[in-house]
Amino acid sequence: MSKALSGIRVLDLTNVLAGPLCAYQLALLGAEVIKVELPESGDLARQLGADASLNKRRMGASFLAQNGGKKSITVNLKSEVGKDVLRRLAGSADVLIENFRPGVMDRLGVGYVDLRALNRALVYCAISGFGQSGPMRDAPAYDQIIQGLSGMMSVTGDEECAPLRAGYPVADTVGGITAAFAIASALVGRQKTGEGAFIDVSMLDSAIVAMGWIISNYLLAGETPLPIGNDNFTAAPSGAFRTQTGLLNIAANKQEQFEALAKALGREDLIRDARFAERECRKRNRAELSAELERALKRRSAAEWESLLNRVGVPAGRVLSVPEALDSPQVTHRELLQAFAEVPGIARGAMVLRAGFKISSGDPGVASPPPRLGEHTSEILRGVGYSDAEIGRLRAAGAL
C-alpha cells in the first residue's frame, strides 16, 4: 500500500535531535528523506550515545535512533559549488528542514527567499530554540535550556527536588513533532494553492504550548503552578502509590472510579469519610487519602493490583523501567520496534522506534537502516543531473 507521504522529497539539513526527529516522522510515512551532512563529520548525533565504539564509527546510538530510511549526502555549504549543489537539490524537493541559528542560511545565500526563487512550491521549515524573531533569536539553545525557560522544570519534581529536568529531552522532542505536523499541514495547503511556505518553529513556543493545562490554571484560574511530584493536580487519588512490591499509578479521577477503588481495596468506609466524599475534598486531603490507600495496597504487588483494578474500571498501571516497558505484551503487540538484521557501518543489527500511531494507507516504518555518512552522495547527484565526471570534480574541489 502507498504510504501517506510517498512521492514527497525532503531535504534534511538538521543536526542532533529536534530536526532529525521531525524528518524521521516524515520518512516513517513514506517520504524520501535526503540527509544533507557536512563532509567528514556529519550530524553531531553520529558521535553521541552510550556505545563509544559506535560513536567512533560515526554511527552513534543517538544517530541510529532517528535516521532510518534516510539517504545521506555530504555537501560543503561553505563552498560556492557546494551551495550550487544544494540549490539544484532544492529545485527537486518538496520540503527543506534546517535547524541552524536564525540568519545562517540567508548569509550563505541559500535561505528561504533564495530557494523560493528557484522553487515556489518548496515548504521550508526552520527549527530553532527561540524562533526567527524576538530578543533571544540569536541565543544558543539546548533542550535543558528550553526546559528551564519554559517553566517545565519549575513544575517537575516535588518540594524537595524541584526544579527538575525531565528524564528525556522533551523540549527537543515536542519541537520536532510540532515541526512535522506543521510541514504536513503546509503540504496539504500547497495542494490548494501550488505555493510552498516558510515555517518558523520555536522550541520554546512548542514547549510552552505543550504545557497548556498547567498554564491554563495560571491564565484562567489565577493559580501559579507548583511541583507536586507524582500527584495529578486535577484529581485525587491520582498519582503513584506504594504497594507490597513496586509502584502503581492509579488515576481514579471520576467519583465512580474512586468508589470502585475503595470497594476493591476493602475500604468502603473511605467513601463515607467526609474528608474524601467528593473531588475537591479529596484534593484538599490528598496526603491523608494516599496514606489510607497505601495501607491497603501493601497487601499485594503492583502487578496484582494493576490487573484487579483495571477489571473493575479503575485506571491503574505499574511504574516500569524502559526495558520492562519495551518488553510488555502491549508494546510488543503494537510492533512499535522495527528491527534491521544488519546496518552497514556497525556490522550488526539494530532496533529503532516507529511512529506512535498506525494508518490504513500503510503503517509507519522505514525500508532501510540509518545510512553511513555520505553513503548516497553519487546516487543522489546523478538523480539531479550530475555526470560522474562532474561529481569527480566536485569531490576534488572539496564540495562533497
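One can find the structure itself at the top, above this paragraph.
Residues numbered from 1 in each chain as written. Predicted model: local features only at pLDDT ≥ 70, side-chain atom pairs only at ≥ 80, totals over all residues. Heavy atoms only, no water.

> Explain the overall build of the protein chain residue by residue, including any values.
Scanning the protein chain from N- to C-terminus turns up 19 helices and 11 strands. Here the C-alpha coordinates of the protein chain stretch approximately 85 × 50 × 40 Å along the principal axes. When burial is assessed residue by residue, the protein chain has 45% of its 400 residues classed as buried. A separation threshold of at least 6 residues defines the contact pool for the protein chain, and within that pool the share at least 24 residues apart is 66%. (Helix = DSSP H or I, 4+ residues; strand = E, 2+ residues; numbered from the N terminus. Buried < 20%, exposed > 50% of the residue type's maximum accessible area, 1.4 Å probe, protein only. Contact = heavy atoms within 4.5 Å.)

> So what's going on with the environment of Q47? Which residues, and what values?
Mapped onto the elements of the fold, Q47 is located in the loop between β2 (32–37) and α2 (52–56). Through-space distance from the C-alpha of Q47 to that of G131 is 27 Å; in sequence the pair is 84 residues apart. If sequence neighbours within four positions are ignored, Q47 has contacts with S41, N55 and R58.

> Hey, could you go over the packing of helix α8 (residues 170–193) against helix α9 (residues 203–210) for me, with residue numbers and the actual values?
In helix packing, the relevant descriptors are the interaxial angle and the interaxial distance, both defined with respect to the helix axes. Where α8 contacts α9, the axes come no closer than 8 Å and their chain directions differ by 95°. Taken together, the axes of α8 and α9 are roughly perpendicular relative to one another. Of the residues in α9, those in contact with A171, D172, V174, G175 and T178 of α8 are M203, S206, A207 and A210. Grouping the constituent residues of the contact of α8 with α9 by class yields 5 nonpolar, 3 polar and 1 charged. (Axes fitted to C-alpha atoms, helices over the stretch in contact; angles between N-to-C directions. Parallel < 35°, antiparallel > 145°, perpendicular 65-115°, else oblique. Nonpolar A, V, L, I, M, F, W, Y, C, P; charged D, E, K, R; others polar.)

> I'd love a proper account of α9, names of residues and values included.
Three- or four-residue spacings in an α-helix give side chains the same orientation, since the helix completes a turn every 3.6 residues. Those residues of α9 that sit buried are M203, L204, S206 and A207. Viewed along the axis of α9, the buried residues span an arc of 165°, placing them on a single side of the element. Packed against the buried residues of α9 are β5 (123–128), α7 (143–150), α8 and β6 (197–202). For α9, the capping residue at the N-terminal end is S202, with a side-chain oxygen 3.3 Å from the backbone nitrogen of L204. (Arc of directions from axis to C-beta. Polar contact = N/O pair within 3.5 Å; in protein donor to acceptor, adjacent residues only side chain to side chain.)

> So what's going on with the packing of aromatic side chains? Which residues, and what values?
The geometry of an aromatic ring pair comes down to the distance between the two centres and the angle between the two planes. In the structure shown here, the tally under the stated rule is 3 aromatic pairs. A centroid spacing of 5.7 Å and a plane angle of 70° characterise the contact between Y112 and Y124, whose relative ring orientation is edge-to-face. Placement of the pair is Y112 in helix α6 (residues 112–116) and Y124 in strand β5, with a sequence separation of 12 residues. An angle of 45° between the planes, with centres 5.3 Å apart, marks the rings of Y112 and F198 as tilted. Of this pair, Y112 sits in helix α6 while F198 sits in strand β6, and the two are 86 residues apart along the sequence. Ring pairing ties together the aromatic residues Y112, Y124 and F198, which thus form one cluster. The ring of Y386 has R88 lying over it, and the distance from NZ or CZ to the ring centre is 3.9 Å. (Phe/Tyr/Trp six-rings, centres within 6.5 Å; stacked < 30°, edge-to-face > 60°. Lys NZ or Arg CZ within 6 Å of the ring centre and 35° of its normal.)

> Before we move on, could you go through the pattern of salt bridges and cite the residues and values that matter?
Once the charged atoms of two side chains with opposite charge are near each other, the side chains can pair. Tallied over the entire structure, the rule returns 23 salt bridges. Across the pair E37 and R46 runs a salt bridge, and its minimum N-O distance is 2.8 Å. Residue classification places E37 among the buried residues on the basis of a relative accessible area of 3%. In this structure, the salt-bridge partner of D138 is R137, at a minimum N-O distance of 3.2 Å. Taken together, the shared-partner salt bridges connect R9, E32, K71 and E379 into one network. (Salt bridge = Lys/Arg side-chain N within 4 Å of Asp/Glu carboxyl O.)

> Break down the packing of α7 against α8 for me, with residues and values.
Packing of α7 against α8 leaves a shortest axis separation of 7 Å and a crossing angle of 90°. Looking at the two axes, α7 sits roughly perpendicular to α8. Two secondary-structure elements touch here, α7 through D143, I146 and Q147 and α8 through V170, A171 and D172. A breakdown of the residues in the contact of α7 with α8 according to their chemical character gives 3 nonpolar, 1 polar and 2 charged.

> Account for the sheet that holds β2, naming residues and giving values.
Taken in spatial order, the 6 strands of this open sheet run β3-β2-β1-β4-β5-β6, and their pairing is parallel. Of all strands in the sheet, those with a lone pairing partner are β3 (70–74) and β6, marking the two edges. Between one strand axis and the next, the sheet turns through 20° on average, direction left out of account. Direction of pairing for β5 relative to β6: parallel, over a ladder of 6 bridges. The residue of β6 that forms the bridge with Y124 is F198. (Pairing = 2+ DSSP bridges.)

Just distances and angles here, no functional claims.
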